[in-house]
Amino acid sequence: MQNVNLDDTAINLAVEAFNQIGTHTIPASAEAMALSVQLALEKYNEVTSAGICDNTKDYYVDSFAAEYVFDVVNCCNKADVLNFFDEFDEYLTDEAGKYHAEWLLLVAKIGCMGLAVNLFHMPLPEALSNALDTYLKQVA
């Protein structure tokens, strides 16, 4: 898998949406996408800091991860997100016990796209609206 980059506009969108969780200003599906981005980035930072990553190609890990990674957009609530990460986490560790964290960045990127779709054409708080506009200009 090629390196996946998550730019600042995507991270800012996720942070602004994450700040809205529980305020009833965004739908539960958008909250789920914001949570998925947050968890993916937290796990990525955790495993990279621990030095247990291996980003070389691994047929077993890559084939399962590639098949499952897009399922993050099917998460509709917190429970779905947590279940997704529990299952996805199992796929990302190779036989040597190394974690293939680059897939987490792809989850975060897909989660941001799902978040943008969920928020598009909604009345939003100003900071979240600005973050969405900036993100959409970046990906367009």
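Keep in mind the model is a prediction, meaning the values are calculated, not measured.

Visitor: With reference to specific residues and values, describe the packing of aromatic side chains.
Guide: Within the structure shown, the criterion is met by seven aromatic pairs. When the ring of Phe-64 is compared with that of Tyr-91, the centres are 5.3 Å apart and the planes differ by 5°; the resulting orientation is stacked. Note that Phe-64 is positioned in helix α3 (residues 59-68) and Tyr-91 in helix α4 (residues 78-91), a separation of 27 residues in sequence. A residue is classified by how much of its surface remains accessible, and Phe-64, at 32% relative accessible area, is partly exposed. Members of the aromatic cluster, each reached through a chain of ring pairs, are Tyr-60, Phe-64, Tyr-68, Phe-84, Phe-85, Phe-88 and Tyr-91.

Visitor: I'd love a proper account of the packing of helix α1 (residues 8-18) against helix α6 (residues 126-139), names of residues and values included.
Guide: Between α1 and α6, the least distance of the axes is 9 Å, while the angle of their chain directions is 155°. Viewed along their axes, α1 and α6 adopt a mutual orientation that is roughly antiparallel. In this structure, α1 meets α6 at a crossing whose hand is left-handed. Contacts between α1 and α6 involve Thr-9, Ala-10, Asn-12, Leu-13, Glu-16 and Ala-17 from the former and Ala-127, Leu-128, Ala-131, Leu-132, Thr-134, Tyr-135 and Gln-138 from the latter. Its residues placed into classes, the contact of α1 with α6 shows eight nonpolar, four polar and one charged.

Visitor: Describe the packing of α3 against α4, listing the residues and the values that go with them.
Guide: Look at α3 against α4: their axes get within 9 Å of each other, and the N-to-C directions meet at 160°. Accordingly, the angle class assigned to the pair α3 and α4 is roughly antiparallel. In this structure, α3 uses Val-61, Phe-64, Ala-65 and Tyr-68 to contact α4, whose residues at the interface are Asn-83, Phe-84, Glu-87, Phe-88 and Tyr-91. Grouping the amino acids of the contact of α3 with α4 by side-chain chemistry returns seven nonpolar, one polar and one charged.

Parameters and conventions
- Residues numbered from 1 in each chain as written.
- Predicted model: local features only at pLDDT ≥ 70, side-chain atom pairs only at ≥ 80, totals over all residues.
- Heavy atoms only, no water.
- Phe/Tyr/Trp six-rings, centres within 6.5 Å; stacked < 30°, edge-to-face > 60°.
- Helix = DSSP H or I, 4+ residues; strand = E, 2+ residues; numbered from the N terminus.
- Buried < 20%, exposed > 50% of the residue type's maximum accessible area, 1.4 Å probe, protein only.
- Axes fitted to C-alpha atoms, helices over the stretch in contact; angles between N-to-C directions.
- Parallel < 35°, antiparallel > 145°, perpendicular 65-115°, else oblique.
- Left-handed = near helix turned anticlockwise from the far one by under 90°.
- Contact = heavy atoms within 4.5 Å.
- Nonpolar A, V, L, I, M, F, W, Y, C, P; charged D, E, K, R; others polar.

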